[in-house]
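One letter stands for each residue in the lines below.
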Amino acid sequence: MVKHQQDHARCWVEIDLAALERNLHKIRAALPSHIRYVAVVKADAYGHGLAQTATRLMQCGADMFAVANVSEAATLREMGSGWPILVLSSVLPQEDDDLFAVNLIPTLSTLAEVERFNLKAKDRRKVLEVHLKIDTGMGRLGVWHEDVQPILNALQSANHLKLDGVFTHFSCAPTDPDFTELQRKRFLDTLKIIENQFDLSECLIHADNSASLKSFNRSSPFNAVRVGLLQFGAAPYPDSLFAEVKTEPVLSFHGRVSLVKTIPAGNPISYGRLTTIARSTTLAVLSAGYADGIPMPFTNRAEVLIQGNRCPVLGRVTMDQLIVDVTDLEKSPESGDIATFIGTQDEGQISISEFSRWGKSIPWECFCSISKRVTRVYKTFRE
Ligand SMILES: *Cc1c(COP(=O)(O)O)cnc(C)c1O
């Protein structure tokens, strides 16, 4: 009999790399063909595993990668030298040496950064490619869109820097189309100012993340998109935003029933006595808790699939275990049976959207919270 990694795991995620590849192709197909695909793989590829997912994305046609910091970029660089890597966060001075050693593209937002990187590049007798970030309303990184002139002048006279990209980031793409449009307009206006001094035809111009792809402006000068969540088959809420690009879930999350027992009506379940059962209840103790990435707000509101059926969570989520009500299942589960937190089981299905709503969180955070203790199992076959 074939042995699988998950046979011995108490909890694991399955990551379907073939689905990831299909998703990339679907997103590509929905965009004009000249648009470059920047795969955002920060935070260990949203918990999906940087090495495995980035390797697959390289094989199936990602043009470029974006990560949060130099350390993630260094890991990614081990996998291939042919892909430009953009560091999305502001680079710390402590990271500068590695930035050059690993050949990365920093995101610049301030005059001080322009001066610092120009000097460092000069020391190394190099010309460093940089992306300039414009703050059009996110209020985080980037030069404020009305204040670009001094930084443009500095960039123009920085002989050791080459402006290779200009970008912005939307703050409310899933929830506020009007503000997103305002940000787009501010960005386009800023590009016109930049064009007075720089040849943008050689530059990567990008703004869109997963949530704004729906309103991607085909006639605009944008020539790249930065895709994170959507390539992993998850939609920012509400799901309907993505009617046109139906990507499929890449990750499913499972644990096991570790113990089944029946206790009489009137008794409390789990820490803090937040739940008292009204009837004689058969409960299953599951082999995952908040230390694995089951959100604490699951307490008394979430559901888990066992035998393809939804079983309600009873009482507080604990560090290593979770308790569900299995009284209504046709057949009592047994120790070792699979419990699914995200994914499908027979007719049952729980999406990352539903999981994150129960968790009073967002899909991005829930993916990142699936902890190291959870075994990653990769499916690599093509269908
Ligand atoms: C994380 C990130 C993205 C990707 O966002 P998704 O919503 O996951 O597609 C794009 N751009 C920047 C600047 C980011 O930090």
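Computed from a predicted model, the values in this text were never measured in an experiment.

S.K.: How would you sum up a nonpolar patch on the surface? Please name residues and give values.
M.R.: On the surface, Tyr290, Met296 and Met319 cluster together into a nonpolar patch covering about 280 Å² of accessible area. Looking at where methionine 296 falls in the secondary structure, it is placed in the loop between β14 (281-286) and β15 (303-306). Accessibility expressed as a relative area gives 35% for methionine 296, which makes it partly exposed.

S.K.: Which residues make up the domain arrangement of the chain, and what values do they have?
M.R.: Per the domain assignment, the segments of the chain are domain 1 (31-232) and domain 2 (251-379). Taking only C-alpha atoms into account, the centre of domain 1 sits 39 Å from that of domain 2. With seven residues of domain 1 at the contact, the number on the domain 2 side is seven residues. Of all residues in domain 1, Tyr46, His48 and Leu229 bury the most surface against domain 2, accounting for 56% of the area lost on that side. Seen at the junction of domain 1 and domain 2, the total is zero salt bridges. Connecting domain 1 to domain 2 are three residue pairs in polar contact (both at pLDDT 80 or more).

S.K.: I'd like a rundown of the packing of aromatic side chains, residues and numbers included.
M.R.: Applying the stated criterion across every chain yields a total of seven aromatic pairs. Look at phenylalanine 253 and phenylalanine 341: their rings are 5.1 Å apart centre to centre, the planes differ by 70 degrees, and that puts the pair in the edge-to-face class. Here phenylalanine 341 lies in strand β18 (residues 338-345) and phenylalanine 253 lies in strand β11 (residues 251-263), a separation of 88 residues in the sequence. Accessibility classification places phenylalanine 253 together with phenylalanine 341 in one group, the buried group.

S.K.: Could you give an account of unusual backbone geometry, naming the residues involved and the relevant values?
M.R.: Trans peptide bonds make up the majority, and among non-glycine residues the majority have a negative phi. Positive phi values are uncommon outside glycine, yet alanine 43 reaches one of about 50 degrees. Owing to a relative accessible area of 33%, alanine 43 belongs among the partly exposed residues under this scheme.

S.K.: Report on the side chain of aspartate 135, specifying residues and quantitative values.
M.R.: By the element assignment, aspartate 135 lies in strand β6 (residues 128-135). One buried charged residue, aspartate 135, forms no salt bridge at all, with the nearest opposite charge on arginine 186 at 6.8 Å.

S.K.: Give a description of the site of the ligand that names residues and reports values.
M.R.: Not every one of the 14 residues close to the ligand is listed here, only the nearest: Lys42, Tyr46, Ser210, Arg226 and Leu229. Within the side chain of serine 210, an N or O atom sits 2.5 Å from an oxygen atom of the ligand. Protein burial of the ligand: of its 380 Å² of free accessible surface, 93% is covered by the chains. Partitioned by chemical class, the residues of the shell around the ligand number six nonpolar, four polar and four charged.

Thresholds applied
- Residue numbers here run from 1 along each chain, matching the order of that chain's written sequence.
- Only residues with pLDDT of 70 or above have their local features reported here, since the model is predicted, and side-chain atom pairs are shown and tallied only from 80 upward, although totals for entire chains, interfaces and linings are computed over all residues.
- Neither water nor hydrogens contribute to the side-chain values; these are computed over all heavy atoms in the structure.
- Every patch collects residues that have over 30% relative accessible area and no salt bridge, joining them within 9 Å if they carry like charges and within 5 Å if they are nonpolar side chains (Val, Leu, Ile, Met, Phe, Trp, Tyr).
- Methods summary: accessible areas were calculated by the Shrake-Rupley approach with a probe of 1.4 Å, and residue burial reflects only the protein chains presented.
- Salt bridges, as used here, are contacts in which a Lys or Arg side-chain nitrogen is within 4 Å of a carboxyl oxygen on Asp or Glu.
- Helix and strand definitions follow DSSP, with helices as H or I runs of at least four residues and strands as E runs of at least two, each counted in order from the N terminus.
- Remark: exposure states derive from per-residue accessible area (1.4 Å probe, protein chains only) relative to the maximum for the residue type, with buried under 20%, exposed over 50%, and partly exposed in between.
- Boundaries of every domain are those given by an automatic assignment or by a domain database.
- Whether two residues are in contact is decided by their heavy atoms, any of which lying within 4.5 Å being enough.
- In this description, buried area is defined as the sum, over both parts, of the accessible area (probe of 1.4 Å) that is lost when the two are combined.
- Two N or O atoms count as a polar contact when they lie within 3.5 Å, although within protein this holds only if one can serve as hydrogen donor and the other as acceptor, and sequence-adjacent residues are included solely when both atoms are side-chain atoms.
- In this analysis, rings of Phe, Tyr and Trp, with Trp reduced to its six-membered ring, are considered paired at centre separations within 6.5 Å, and the interplanar angle assigns stacked below 30 degrees, edge-to-face beyond 60, and tilted for intermediate values.
- For this count, His and the chain ends are skipped, Lys and Arg are scored as positive, and Asp and Glu as negative.
- We call a residue near a molecule or strand as soon as one heavy atom of that residue lies within 4 Å of the molecule or strand.
- Three classes are used, and their members are as follows: Ala, Val, Leu, Ile, Met, Phe, Trp, Tyr, Cys and Pro are nonpolar, Asp, Glu, Lys and Arg are charged, and the others, Gly among them, are polar.

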